[in-house]
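Structural overview for review
Next come the chains, spelled out residue by residue.
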Amino acid sequence: MNNLQVDFTKPDPSRPLEIRVCNRSIFVDPEWAQDVSPFLTNFFVRELVAGKRHCVEIQRDDITFQDILTMVEVICPTELGMFPKPVDSYNFLSLAKLSKQFIVPRLKSACELYISRMPLDDPKITIDDLSSYLVASYKYGLNRMTKIRLLEGIVGREIKCIDAITLQVKGLSELIHASVKAYQQNELNHFDLTNEIRLRVPCRTCRMEQPNVPLQAVKGELSTTGIPAFVVCSKCKSTICCACVLKPCKKSLDEFAIKFCESFNTSS
Ligand SMILES: [Zn+2]
Ligand SMILES: [Zn+2]
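Residues numbered from 1 in each chain as written. Chains lettered and ligands numbered in written order. Predicted model: local features only at pLDDT ≥ 70, side-chain atom pairs only at ≥ 80, totals over all residues. Heavy atoms only, no water.

Bringing unusual backbone geometry into the picture now. Of note, Arg-200 is a non-glycine position whose phi angle comes to about 70°, a positive value. Turning to its location among the elements, Arg-200 is positioned in the loop between strand S4 (193–194) and helix H9 (220–223). For Lys-237, which is not glycine, the phi dihedral falls at a positive 65°. Structurally, the position occupied by Lys-237 is in the loop between strand S5 (230–233) and strand S6 (239–241). By relative accessible area, which is 57% here, Lys-237 ends up exposed. (Helix = DSSP H or I, 4+ residues; strand = E, 2+ residues; numbered from the N terminus. Buried < 20%, exposed > 50% of the residue type's maximum accessible area, 1.4 Å probe, protein only.)

This paragraph deals with the coordination of the zinc ion (ligand 2). Donor atoms from the polypeptide that bind the zinc ion (ligand 2) are Cys-203 (SG), Cys-206 (SG), Cys-241 (SG) and Cys-244 (SG), placed at 2.3 Å. Taken together, the four donor atoms surrounding the zinc ion (ligand 2) define angles of 105 to 115° at the centre, an arrangement classified as tetrahedral. On the basis of relative accessibility, which here comes to 0%, the residue Cys-203 falls in the buried class. With a relative accessible area of 2%, Cys-244 lands in the buried category. (Donors = N, O, S within 2.8 Å, 3.2 Å for Na, K, Ca; no water. Tetrahedral: all angles 85-135°; square planar, octahedral: opposite > 155°, others 65-115°.)

With the rule as written, the count across this model stands at four aromatic pairs. Ring centres of Phe-92 and Tyr-114 lie 5.8 Å apart, and the angle between their planes is 40°; on these two criteria the pair is classed as tilted. Linking Phe-92 in helix H4 (residues 92–101) with Tyr-114 in helix H5 (residues 105–117), this pair joins segments that are 22 residues apart in sequence. We classify Tyr-114 as buried; its relative accessible area is 14%. Ring pairs connect the aromatic residues Phe-92, Tyr-114 and Tyr-133, which therefore count as one cluster. (Phe/Tyr/Trp six-rings, centres within 6.5 Å; stacked < 30°, edge-to-face > 60°.)

This paragraph deals with the confidence of the model for the protein chain. Considering every residue of the protein chain, the mean pLDDT works out to 84; 83% of them sit at 70 or more. Within the model, the stretch residues 214–224 combines pLDDT values under 50 with 17 contacts to residues more than four positions away or in other chains. (pLDDT = per-residue confidence, 0-100. Contact = heavy atoms within 4.5 Å.)

A separate point is the nonpolar core. As a rule of thumb, soluble globular proteins bury nonpolar side chains together. By size, the foremost hydrophobic cluster in this structure holds 61 residues, and its most contacted members are Ile-19, Ile-26, Val-28, Ile-68, Met-71, Phe-92 and Met-118. Look past the residues within four positions of Val-28 in its chain and what remains in contact with it is Phe-8, Arg-15, Pro-16, Leu-17, Ile-19, Val-72 and Cys-76. Of all hydrophobic cores here, the second largest spans 12 residues; its members include Cys-203, Val-232, Cys-233 and Ile-240. (Core = buried A, V, L, I, M, F, W, Y, C linked by side-chain atoms within 4.5 Å.)

Quick look at the coordination of the zinc ion (ligand 1) now. The protein atoms donating to the zinc ion (ligand 1) are His-190 (ND1), Cys-233 (SG), Cys-236 (SG) and Cys-249 (SG), with metal-donor distances spanning 2.2 to 2.3 Å. Classification of the site at the zinc ion (ligand 1) as tetrahedral follows from its four donor atoms and the range of 105 to 119° in their angles at the metal. Mapping the donors of the zinc ion (ligand 1) onto the primary sequence yields the spacing H-x42-C-x2-C-x12-C. Exposure class is identical for Cys-233 and Cys-236. Each is buried.

Here you go:
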């Protein structure tokens, strides 16, 4: 365990508050509990008035020890101000749920940040993953940017059969279906690509970093068309690598989704 990691299951003078969940203990700094969420503040303050007690118990059937431990690891900084654990593909669903259950804005932001930096073409992230993340982003109230980015990932893979899980959100499977169709009819393309790239901005879609030498073609097959390695879409203002120029445009997709939802809601 390196010095950036903290074992919150071990007591420590800097973390005097003990949280009991399912007969196990997690030790945190009470300051953390004060400002992290109105729900937790109400919950803890009753027990912690003037520091009379140093142990509180969470008894809820829908919360596990692992849930609370992961949440603490993601949102409690270490003494160096580092967060010991990032949101990842394994804990995203549980953390998004907790951010809603406990009303923790910082956790919600961490989940949204994870999606914003997720490579949309990563083969380790399956269509099932993307579908369940998208459903979660609706169910747990993540922001619109997050929903559009996940939809972008699904549409960019041109899926033919839509995961049944999307039926949990009214109109979502219809939106995915219509978006894929529009994408295949070239209605959601990036528009008017320019060379006005900002340095050090990775590709929006695959998150590939720009090479140190700008404008050098990374994908040989596209270099002959005169398109440099990284371009900027005039419509969505995203930086995109040559390999991803044919993927869906965020802004086009967003506009499409707004129009679709308006007509879907009036027709249903
Ligand atoms: Zn675009
Ligand atoms: Zn790319």
